[in-house]
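# Overview (structure and organization)
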Amino acid sequence: MGPIPSCALILVAGGGGGGGIPYSPNPQGGGGGGGEVKENGNFTMPPGTFSISIGDGGAGANNGNGASGDDSSITDPSGPTILTSKGGGWGRGPSASAGGPGGSGGGGRGGGSSGGNSTPSETGPLFGVTFTSYGNDGGNGAANGGGGGGGAGGEGSPGPSTNAGDGGDGVTFPWIPSSFAVGDNGYFGGGGGGASGSDATGGTGGSGGGGDSTLRGTDNTGGGGGGGADTGDGGPGVCIFAYPRYPD
């Protein structure tokens, strides 16, 4: 096929896993950060064959730090040129150091540690255009609750003194319908909620597939996993390519 004008594309990395501290009754770790989202809503797709790699979500931990999400990438072999979205940062577990860096940073642990920084990758160019990058820092932990993981659309919330922080929201774009079969009502890259030592419900995951405390991120959204248990894995990422349909 020849060049196709008026195309749109998002590339979403895998979300980070939530961290956990073995405090009874609830291990109050930080939420995993959402995977970085790269987007361009109006470009011309050149002819050719392109390689796409979709990042998996990072594993959650019940007693330790979560794992970072894997990167997603698109490679144009004629360049070669590579566009990469950075995996979400891990939620902090027992150590008092910061949450993990990533596309969006992971949340800090309960007992007090800072959230991880957003460290986006290069924005291109790919297909002759640059892509906008979306990612934010994770929330700080507090005395009795982990911070929420950062989301593509907003920072993770810090843990209040007696509870846990919510994950940052993801992002959506006008060309993605809310009823689309993939994603969280059209949103991608939400952060996971932090875990709390005093409230079993913990923090809420951000829109865009972020997992509530102790729960995994939604598949194919790049949502971060909730802090506090090894069920809080990050959600795998996704690539969505939209192009105009011409009459036969």
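So, here is what we can say about the structure in this document.

Rules and cut-offs
Residues numbered from 1 in each chain as written. Predicted model: local features only at pLDDT ≥ 70, side-chain atom pairs only at ≥ 80, totals over all residues. Heavy atoms only, no water. Helix = DSSP H or I, 4+ residues; strand = E, 2+ residues; numbered from the N terminus. Contact = heavy atoms within 4.5 Å. Pairing = 2+ DSSP bridges. Axes fitted to C-alpha atoms, helices over the stretch in contact; angles between N-to-C directions. Phe/Tyr/Trp six-rings, centres within 6.5 Å; stacked < 30°, edge-to-face > 60°. Buried < 20%, exposed > 50% of the residue type's maximum accessible area, 1.4 Å probe, protein only. Polar contact = N/O pair within 3.5 Å; in protein donor to acceptor, adjacent residues only side chain to side chain.

Here G138 lies in the loop between β6 (132-134) and β7 (238-242). Residues G138 and F180, 42 residues apart in the sequence, show an inter-C-alpha distance of 28 Å. The contact partners of G138, leaving out residues within four places of it in the chain, are G105, G106, G107, G115, G116, G148, G149, G150 and G156.

Another point: the sheet that holds strand β4 (residues 72-76). Through backbone hydrogen bonds, the strands of a sheet pair up, either in parallel or in antiparallel fashion. Strand order across the open sheet formed by 3 strands is β3-β4-β5, with antiparallel pairing between neighbours. In the strand order of this sheet, the two ends are held by β3 (51-53) and β5 (81-85), each with one partner. Within this sheet the neighbouring strands show an average axis-to-axis angle of 10°, counted without direction. With 3 bridges connecting them, β3 and β4 associate as antiparallel partners. If you follow I52 over to β4, its bridge partner there is I74.

Using the criterion set out here, one finds 5 aromatic pairs in the structure. Aromatic pair F43 and F127: ring centres 5.6 Å apart, planes at 10°, arrangement stacked. Placement of the pair is F43 in strand β2 (residues 37-45) and F127 in the loop between β5 and β6, with a sequence separation of 84 residues. By relative accessible area, F43 is classed as buried at 3%. Their ring planes at 65° and their centres at 5.4 Å tell us that Y134 and F173 sit as a pair that is edge-to-face. Here F173 lies in the loop between β6 and β7 and Y134 lies in strand β6, a separation of 39 residues in the sequence. On the basis of relative accessible area, Y134 is assigned to the partly exposed category, the value being 24%.

Turning our eyes to something else, we now look at the side chain of N40. Within the element layout of this structure, N40 appears in strand β2. Excluding residues within four positions of it along the chain, N40 makes contact with C7, A8, L9, V129, T130 and F131.

Let's shift gears to the side chain of S213. Relative to the helices and strands, S213 resides in the loop between β6 and β7. Accessibility expressed as a relative area gives 6% for S213, which makes it buried. From its side chain, S213 meets the backbone oxygen of G227 in a polar contact 3.2 Å long.

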